[in-house]
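# Chain and residue survey
Below are the chains, spelled out letter by letter.
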Amino acid sequence: REVRKSERPTTRTRTRKAGRNQGTPRKMPTPCICLATSDSRCRFKAIRAERHAPGPSDVVIDVKFCGVCHSDVHLAKNDFLISKYPCVPGHEMAGVVAAVGAKVTAVALGDHVGVGCFVDSCLNCKYCEAGNEHMCAKGETLSYNDPPKHGRAGEAPYTLGGYTTKMVVHERFVVPAPKDYPLDKLGPLLCAGITTYSPLVRFGAGPGVRVGVSGLGGLGTMAVKQAKAMGAEVTVISRSRRKEAYARSIGADHLVVSADRASLAAAGRSLDLVIDTVNAYHDIGANMLAGGIKIGGMDSAGTLLDLLDLDGTWVYLGASLTMINLQPPKLALQQARITGSKIGGIRMQRECVQFCADNKIEPEVVVQPATPAALANIYELLDAGNDAGARHVLDIGSTLTEASLGEPIGPAPQFHSGAVHMALELMFLMHRALLAKVEEAVLTRSGAIARVLQIGAVAAVGGSAALAWKHLVSARSSHS
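Notes on the structure follow.

### What to know about the pairing of strand β10 (residues 210-214)
Across the five residues of β10, four count as buried, placing the element largely inside the fold. Note: β10 against strand β11 (residues 233-238), five bridges, orientation parallel. For R210, the partnering residue across the bridge sits in β11 and is E233. Pairing between β10 and strand β13 (residues 271-276): four bridges, direction parallel. Of the residues in β13, the one forming a bridge with G212 is V274.

### Notes on the packing of helix α4 (residues 192-202) against helix α9 (residues 346-358)
As a packed pair, α4 and α9 sit with axes 10 Å apart at the nearest point and diverge in direction by 100°. Here α4 lies roughly perpendicular to α9, going by the angle between them. Each of G193, I194, Y197, S198 and V201 in α4 lies in contact with α9, whose residues at this interface are M348, Q349, E351, C352 and F355. Of the residues that constitute the contact of α4 with α9, the class distribution is six nonpolar, three polar and one charged.

### Regarding the sheet that holds strand β14 (residues 308-316)
In spatial order, the strands read β12-β11-β10-β13-β14-β15; together these six strands make up an open sheet with parallel pairing. In the strand order of this sheet, the two ends are held by β12 (254-257) and β15 (337-340), each with one partner. Across this sheet, the average inter-strand angle for adjacent strands is 20°, counted without regard to direction. The sheet contact formed by β13 and β14 spans five bridges and is parallel.

### Some details on the side chain of T221
Tracing the chain through its elements places T221 in helix α5 (residues 218-229). Exposure remark for T221: the relative accessible area of 1% places this residue in the buried category. Here Y246 takes part through its side chain, which lies 3.1 Å from a polar atom of the side chain of T221. Apart from the residues lying within four places of it in its own chain, the contact partners of T221 are L216, Y246, I250, E364 and G389.

### Quick notes on the pattern of salt bridges
A full pass over the atoms with the stated rule returns 18 salt bridges. Across the salt bridge formed by D39 and R41, the nearest N and O atoms sit 2.9 Å from each other. Residue K77 is joined to D79 by a salt bridge in which the shortest nitrogen-to-oxygen separation is 2.9 Å. Residues K77 and D79 agree in their burial class; the two are buried. Residues participating in the shared-partner salt-bridge network are K77, D79 and D383.

### Topic: the pairing of strand β2 (residues 44-51)
Where strand β1 (residues 30-37) and β2 come together, eight bridges link them in antiparallel fashion. Among the inter-strand pairings, C32 is bridged to a residue of β2, identified as A49. Between β1 and β2, which pair antiparallel one after the other, the connecting turn spans six residues, and C42 there sits at a positive phi close to 60°.

### Some remarks on the side chain of D120
With respect to the helices and strands, the residue D120 is situated in strand β6 (residues 118-120). Of the polar contacts made by the side chain of D120, one reaches the side chain of R152; its length is 2.7 Å.

### Focus on the packing of aromatic side chains
Tallied over the full model, the rule gives four aromatic pairs. Here the aromatic rings of Y197 and F355 are separated by 5.4 Å at their centres, their planes lie at 50°, and the arrangement is tilted. Of this pair, Y197 sits in helix α4 while F355 sits in helix α9, placing them 158 residues apart in sequence. Each member of the pair, Y197 as well as F355, is classed as buried. In this structure an aromatic cluster arises from ring pairing among F44, Y163 and Y379. Here K77 stacks its cationic end above the ring of F415, 4.9 Å away from the centre of that ring.

### Things to note about the environment of N145
Mapping N145 onto the fold places it in the loop between β7 (141-142) and β8 (166-170). Residues N145 and P157, spaced twelve residues apart in sequence, show a C-alpha to C-alpha distance of 8.9 Å. Here N145 is in contact with L75, I82, S83, K84, C87, Y158 and T159, once residues within four sequence places are set aside. Within the structure, the side chain of N145 is placed 2.9 Å from the backbone oxygen of K84, a separation counted as a polar contact.

### A few points about the nonpolar core
Judged by nonpolar contacts, the single largest core of 88 residues is most densely connected at Y163, V211 and Y379. By residue number, the principal contributor to this core is α9, which donates seven residues. Every residue in contact with V211, bar those within four places of it in the chain, is listed here: L200, A205, A227, A232, E233, V234, T235, L271, L273 and I275.

Here is what the cut-offs are and how they apply
- Residues numbered from 1 in each chain as written.
- Predicted model: local features only at pLDDT ≥ 70, side-chain atom pairs only at ≥ 80, totals over all residues.
- Heavy atoms only, no water.
- Buried < 20%, exposed > 50% of the residue type's maximum accessible area, 1.4 Å probe, protein only.
- Helix = DSSP H or I, 4+ residues; strand = E, 2+ residues; numbered from the N terminus.
- Pairing = 2+ DSSP bridges.
- Axes fitted to C-alpha atoms, helices over the stretch in contact; angles between N-to-C directions.
- Parallel < 35°, antiparallel > 145°, perpendicular 65-115°, else oblique.
- Contact = heavy atoms within 4.5 Å.
- Nonpolar A, V, L, I, M, F, W, Y, C, P; charged D, E, K, R; others polar.
- Polar contact = N/O pair within 3.5 Å; in protein donor to acceptor, adjacent residues only side chain to side chain.
- Salt bridge = Lys/Arg side-chain N within 4 Å of Asp/Glu carboxyl O.
- Phe/Tyr/Trp six-rings, centres within 6.5 Å; stacked < 30°, edge-to-face > 60°.
- Lys NZ or Arg CZ within 6 Å of the ring centre and 35° of its normal.
- Core = buried A, V, L, I, M, F, W, Y, C linked by side-chain atoms within 4.5 Å.

Here's what the structure looks like:
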């Protein structure tokens, strides 16, 4: 419909409206390139994606490196049946600050920074206020494959992780690092490094404290280095002596062979704290049937738990779903504690990075190109156990580029575990739970069971006696 000339907006009106639009420009998302898998086969391909538009408290990061964690494999291949696709894993990011919002004070342009396992939390519960954002009462937002919950991680259905060229993160969840710390080794500090550092600090590792480290993979290596730098006496617990030279080269004072009863016995009562990094079922002997300490004495050792001295602490870091065989009297005889630990809050992450920088502690890393083929190979190695102790790190800055978008989809890794393995582990868990129920029923009804057995025994003895008397009478009758 034609608009009369008198009804058309004047030049002044048009200019004012245009000026208002220019003064409040629409926030634009941040484009990036990611390595993503579209299904559980883990066939990765470079894709274009967008990060949310940075706000006044956000930091834009040019990602240079990203470590590959075993949990990346579990989520990418949907072992827990919760994964969303396309999936972009990665929570060991390290890079350089490319832009900051107007309210950012924690970092500046050009700073070296890292981002770990989570990118948001409520910030107002008692745990967040105490610096334990990872224990947020309303749930932290994980760095990938997790729906944003608190408004600082964008509005996408779920988060995309660190296999990417760009990250946009609220400054509260950014961890600064000294520029002289190797950037390719920063990311693993925010996963393996903080996972071991946190319990060492919480349970008082330091001079005069005897620390054991069970398992010498990526986490175990960090635990040994950190405990030694804290001044503790360090013992590595391993299945054989194959890694003894390596253990001593990174700071271990002793090695105990868990498969050797004599080695366990010789080391009995020698540890105050054990950091258990083994990610598979292993019986530490927390039950009375496992041997070890005697009733009324502390003079023998035959299980892993017997390595603890009086009031010792065993800390689980592994994520095995299998149950442990635990009986309270075993703990009472040693006044032992069995507990677990989960990464650490942002304040502790920053402390961990500074501690490692000050003490020249670096994770063992293998840097590989951020290509689908390289990632498939890394996933296969991690799935097989990664017994070497090194963390695999993707070189994002040099190898994930515009040219990557033209590369074909990557090969599917050849996995030896997965959903079938997890199902078998769950079946084992249910089997153990059933046995526990049977044991509980027997113990709670032990009196009644004992009476039944007693009656049965009396009846059996009575029946046998009657039968014997019958034979005796029969024999006498025949003789007469």
